[in-house]
Amino acid sequence: MFDGLWLELAIGFGLILLIAGVTVARRRRPPTHRGATSAKDFEAMERAERAAIDMRESTRTAAPSAVIERPPAEEPAPVEERPPAARPTLRERLAKSRRFLADRLSEALGRGLDDATWDDLEAALIQADVGAPSASAIVADLRAKAREHRASGPDEVRGLLAEELISSFDADRTRALGFAPVGPTVWLVVGVNGTGKTTTIGKLAADLRERGHSVALAAADTFRAAADEQLTVWAERAGAQLVKHQAGADPGAVAFDAFRYARAREIDVLIVDTAGRLHTKRPLMDELGKIRRVLEKEGDVQESLLVLDATAGQNGLSQAREFASAAGVTGAVLTKLDGSAKGGIALAIEQDLGLPIKLIGVGEGVDDLEPFDPKSFVDALLA
C-alpha cells in the first residue's frame, strides 16, 4: 500500500519539477516580437529620432546656406513678327471706278482710231461723270495731240488721255488744309445728310490727334436726330473735346460757344459740324451763312469744306453750287470713291465750279481719308 503511495508522490513531484523547468526556460528566452509595441521599444525609437534631429540641426548651423544653381531656363523660341498688313493702294480702292472706265475705253479703242472712236471716247467720259462740256474739250485736245504724236495704238492714246486729264486739274491750286497762325484754327464742314459729313469730321479729328494737335468738335447740327450722338462717338474715338447744346438749339450759339471754349483752352483746331438737310431748303442755306458770320465775328474761318458723295455724280454739282454761295466753300471732300462712283465728278467739280478737291474718302476705316493728288488719282483710274 505504502509502495503505491510513494510511487504516485514521486511521479507528481517529477511533474512539478518539469513544469517549473519549462517556465524558467521560457522566461530566459529573448523576445521575438516583430513590431515595436513595448514601451522600451517606443523609448528607443524616440531616442534615435532625437539623435537624428540633433545631427541635422548641428549640420545646418555649421555649414552656410547652400545656393542652388539652376540651369538657365531655355529661352522661348522667338515669335515671328509679322509685318502689319499693307494698306490697300489707291488703285485697289478705286477698283470699281477703274473697271467702269477701263471697259468703256477698251470698247472705244479696240477697233482703231477713226471718227467713231473719238465719239465713243467722249461718251465714255460723260458716262464717267466728267460732264459734257469738259468731256468735249478733253477729247478735242486729245485728238489734236494724237495727230501731233502720230499715235495709233490704244496704249499710246490711253497715255495721252492720262496726261490730258491730269492737266485738266489746276496744278496751282492749294490743296493743303489751312491753319491759323494764332488762335484756334476753324474748319467749317457742310454738306447734305448722307454724304459722310460727320464721318469725315471724325476722320479729320483722328488724323489731327495722331499728328499731335488738340481738337474740339462743335455739334452745330442740332436738327438731325442723333447727330450729336454720332459725333460723340467720333470724339471719344479720336480723343477730341465735344461742345454741344440740347436738341433743337440755335446752331450759331453752339458754334459761338465752341469757339470761345477752344480759344480759352488753347485748343489747336475746332471743327464745326453743321446741318445737312436737302439743299433745296433755303432756310438751311441761311443758317449756314449765319454760322459762318458768327464765327467770323470771333476770328477767321480757315476752311469751309463741302462734303460730296461721289456716287451722286452730276447731282452733286447742284449741291455744290448752293453750298458754295451760302457757306463760302474753300474746297471739297469727295467720299465713297471706293464704291460705285465713276470718278469723273472730281474733274467736273474743279472745271465747272473752280473748287479744289482737297480730300478723298476711300473706305470706312478711320485712316481712309487721303489728300487728293490729281496725278495719283488719274493713274489709279486708268492703270
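On a predicted model such as this, the values are computed, not experimentally measured, just so you know.

**Focus: the overall build of the protein**
Working step 1: Across its full length, the protein holds 14 helices and 8 strands.
Working step 2: Expressed as a percentage of its 383 residues, the buried residues of the protein come to 42%.
Working step 3: Taking contacts inside the protein between residues at least 6 apart in sequence as the whole, the part at least 24 apart equals 73%.
Working step 4: Of the roughly 22300 Å² of accessible surface on the protein, a fraction of 54% belongs to carbon and sulfur atoms.

**Considering the packing of aromatic side chains**
Working step 1: A full pass over the atoms with the stated rule returns 3 aromatic pairs.
Working step 2: Chaining the aromatic ring pairs together yields one cluster made of Phe-169, Phe-372 and Phe-377.
Working step 3: Above the face of the Phe-100 ring, Arg-104 is positioned so that its terminal group lies 3.7 Å from the ring centre.
Working step 4: Across the ring face of Trp-234, the terminal group of Arg-237 is positioned such that the distance to the ring centre comes to 4.4 Å.

**Thoughts on the nonpolar core**
Working step 1: If you look at the biggest cluster of nonpolar residues, it comprises 75 residues, and the most contacted ones within it are Leu-121, Val-272, Leu-295, Leu-334, Leu-337 and Ile-349.
Working step 2: Non-local contacts of Val-272, meaning those with residues more than four positions away in its chain, are made with Val-186, Trp-187, Leu-188, Val-189, Ile-201, Ala-218, Ala-220, Ala-255 and Leu-295.
Working step 3: Membership of the second largest hydrophobic core comes to 22 residues, among which are Leu-217, Ile-271, Val-307 and Leu-359.

**Details of unusual backbone geometry**
Working step 1: Here Arg-150, not a glycine, exhibits a phi torsion of approximately 50°, which is positive.
Working step 2: Relative to the elements of secondary structure, Arg-150 occurs in the loop between α6 (132–148) and α7 (154–168).
Working step 3: Judged by its relative accessible area of 74%, Arg-150 falls in the exposed class.
Working step 4: The backbone of Lys-336 shows a phi angle near 65°, a positive value even though the residue is not glycine.
Working step 5: Here Lys-336 lies in the loop between β6 (331–335) and α13 (345–353).

**Considering helix α4 (residues 95–109)**
Working step 1: Compared with an ideal rise of 1.5 Å per residue, which puts 15 residues at 21 Å, α4 spans 20 Å between its outermost C-alpha atoms and is within 8% of the ideal.
Working step 2: Taken residue by residue, α4 has Ala-95, Ser-97, Arg-98, Phe-100, Leu-101, Leu-105, Ala-108 and Leu-109 as its buried positions.
Working step 3: Along its buried surface, α4 packs onto α3 (90–93), α5 (115–127), α7 and α14 (374–382).

**As for the pairing of strand β4 (residues 269–273)**
Working step 1: Most of β4 is tucked away, with 5 of its 5 residues classed as buried.
Working step 2: Neither face of β4 is exposed, since Val-269, Ile-271 and Asp-273 on one face and Leu-270 and Val-272 on the opposite face are all buried.
Working step 3: Relative to β4, strand β1 (residues 185–190) is paired through 5 bridges, and the arrangement is parallel. The residue bridging Val-186 from the neighbouring strand is Leu-270, located in β4.

The rules behind these values
- Residues numbered from 1 in each chain as written.
- Predicted model: local features only at pLDDT ≥ 70, side-chain atom pairs only at ≥ 80, totals over all residues.
- Heavy atoms only, no water.
- Helix = DSSP H or I, 4+ residues; strand = E, 2+ residues; numbered from the N terminus.
- Buried < 20%, exposed > 50% of the residue type's maximum accessible area, 1.4 Å probe, protein only.
- Contact = heavy atoms within 4.5 Å.
- Areas by Shrake-Rupley, 256 points an atom, 1.4 Å probe, with all protein chains shown as cover.
- Phe/Tyr/Trp six-rings, centres within 6.5 Å; stacked < 30°, edge-to-face > 60°.
- Lys NZ or Arg CZ within 6 Å of the ring centre and 35° of its normal.
- Core = buried A, V, L, I, M, F, W, Y, C linked by side-chain atoms within 4.5 Å.
- Expected span 1.5 Å × (residues − 1).
- Pairing = 2+ DSSP bridges.

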